[in-house]
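Fold and contact review
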Amino acid sequence: MAVFAEEVNLAGYTTLRLGGPARRFVEATSEAELVAAVRKADDEGEPVLVLGGGSNLVVADAGFPGTVVHVGARGVERAAGDGDTVLVRVRAGEDWDPFVARCVADGLAGVECLSGIPGRVGATPIQNVGAYGQDVSETIVEVRAYDRQARACVTLDRDACRFTYRHSVFKGSDRYVVLDVTYALRETEESQPIAYAELARRLGVRPGERVSLKEARDAVLELRRGKGMVLDAADPDSRSAGSFFTNPILTPDQLAALERRVAERLGPDAAFPRYPEPDGRTKTSAAWLIDKTGFAKGHARGPVRISTKHTLALTNPGGASTEDLLALAREVRAGVRDAFGVELVNEPVMVGVTL
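Okay, so let's go over this structure. (Residues numbered from 1 in each chain as written. Predicted model: local features only at pLDDT ≥ 70, side-chain atom pairs only at ≥ 80, totals over all residues. Heavy atoms only, no water.)

With that out of the way, let us pick up the packing of helix α7 (residues 286-293) against helix α8 (residues 322-340). Running from amino to carboxyl end, α7 crosses α8 at an angle of 80 degrees, the nearest separation of the two axes being 9 Å. Relative to α8, the element α7 lies roughly perpendicular. Note on element contacts: α8 touches α7 through V332, G335, V336, A339 and F340, opposite W288, L289, I290, K292 and T293. (Axes fitted to C-alpha atoms, helices over the stretch in contact; angles between N-to-C directions. Helix = DSSP H or I, 4+ residues; strand = E, 2+ residues; numbered from the N terminus. Parallel < 35°, antiparallel > 145°, perpendicular 65-115°, else oblique. Contact = heavy atoms within 4.5 Å.)

If you want it as structure tokens, here you go:
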């Protein structure tokens, strides 16, 4: 049975440890409870926030003036697919990294490079979670969700999810509430081809080669810990929402403008990271732009700071407010815009605040 409470402080439910109270808080431990809680709030005309692991949220100091539904439905079901493919259906309330660890232990490849990412399974399709050369969109077969417009449970295949870089049909809209996700994983002890250069170097292989699933997971966890990107109560740098800004994707004109700015600021021979996209645009590195603007690791503004390990993470070592964090984010965004003419976009979801 769902548990109801009032004036629950949301800071305890976010990895940033920031955010004010929810007017009403519902702990939903099953799909039926989740759908019923959302439907009841809709019937009453009340704002709804669906909360998973809180690892990708920036919540206002004033909190949320409506119903927060905490997703706790758990369960993992495995079925045979074609050939060596295994279909795994996972409830939205399952914690993501334990699920990845289970796949590695069971010899299922496809998510091993997404090890160490905090949060719950239901959040993974929303922003097309990705790291170290893997995105969940590569393995997602379908997503079951409650459609608040149709007031019915629906199934969206991969095409209907409209996955792009850190985006999907679910992001930026409150229409769908993710109930479960089905992944197509490959039954093997070998990883998917290692696509990320930094990970390949750590593993001592060339990009495109494979290693054991355990080796891939262990190397990713080691890299993430070195950047403060694995939750650790003893590491203040891990008190963040992960990467705060997405990597900019530039049109040819924007790329040419950035090339001019880089040459003016750093010299005619200066180079910057660039990764061609299939649509003719070019992705560059937000971390590189932040660093070259002059924001060093550990740069502080009041009680918040850039991580001492990774320039993309904004951290709350303790005693901060959401407004403190946003002030630092705005400082970084304005600095990069002034230096290089590139507008950084936040990756975390903003609740009751804007950047």
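It is worth spelling out unusual backbone geometry at this point. Despite not being glycine, N128 has its phi angle at roughly 45 degrees, a positive value. Structurally, N128 can be placed in the loop between β8 (108-109) and β9 (130-131). Note on N128: relative accessible area 2%, which makes it buried. Even without being glycine, R166 reaches a positive phi, approximately 55 degrees. Its relative accessible area of 11% is what places R166 among the buried residues. (Buried < 20%, exposed > 50% of the residue type's maximum accessible area, 1.4 Å probe, protein only.)

Ordered in space as β14-β20-β19-β18, the four strands form an open sheet in which the pairing is antiparallel. The two strands at the open ends of the sheet, each matched to only one other strand, are β14 (240-243) and β18 (300-301). Pairing of strand β19 (residues 304-306) with strand β20 (residues 313-315), which is carried by two bridges, proceeds in the antiparallel orientation. The partner of I306 across the bridge, within β20, is L314. The sheet strands contacting α8 are β18, β19 and β20, and the helix crosses β19 at an angle near 35 degrees. (Pairing = 2+ DSSP bridges.)

What follows is about the nonpolar core. Within the largest apolar cluster, 57 residues are counted, with the highest numbers of intra-cluster contacts made by L34, W96, F170, Y183 and L199. The biggest single contributor to this core is strand β13 (residues 176-187), with seven residues. Filtering out sequence-adjacent residues up to four positions away, Y183 remains in contact with V86, L87, V88, V90, W96, F99, V121, T124, T139, I140 and V141. Core analysis: the second largest hydrophobic core is formed by 36 residues, L18, L250, F272 and A320 among them. (Core = buried A, V, L, I, M, F, W, Y, C linked by side-chain atoms within 4.5 Å.)

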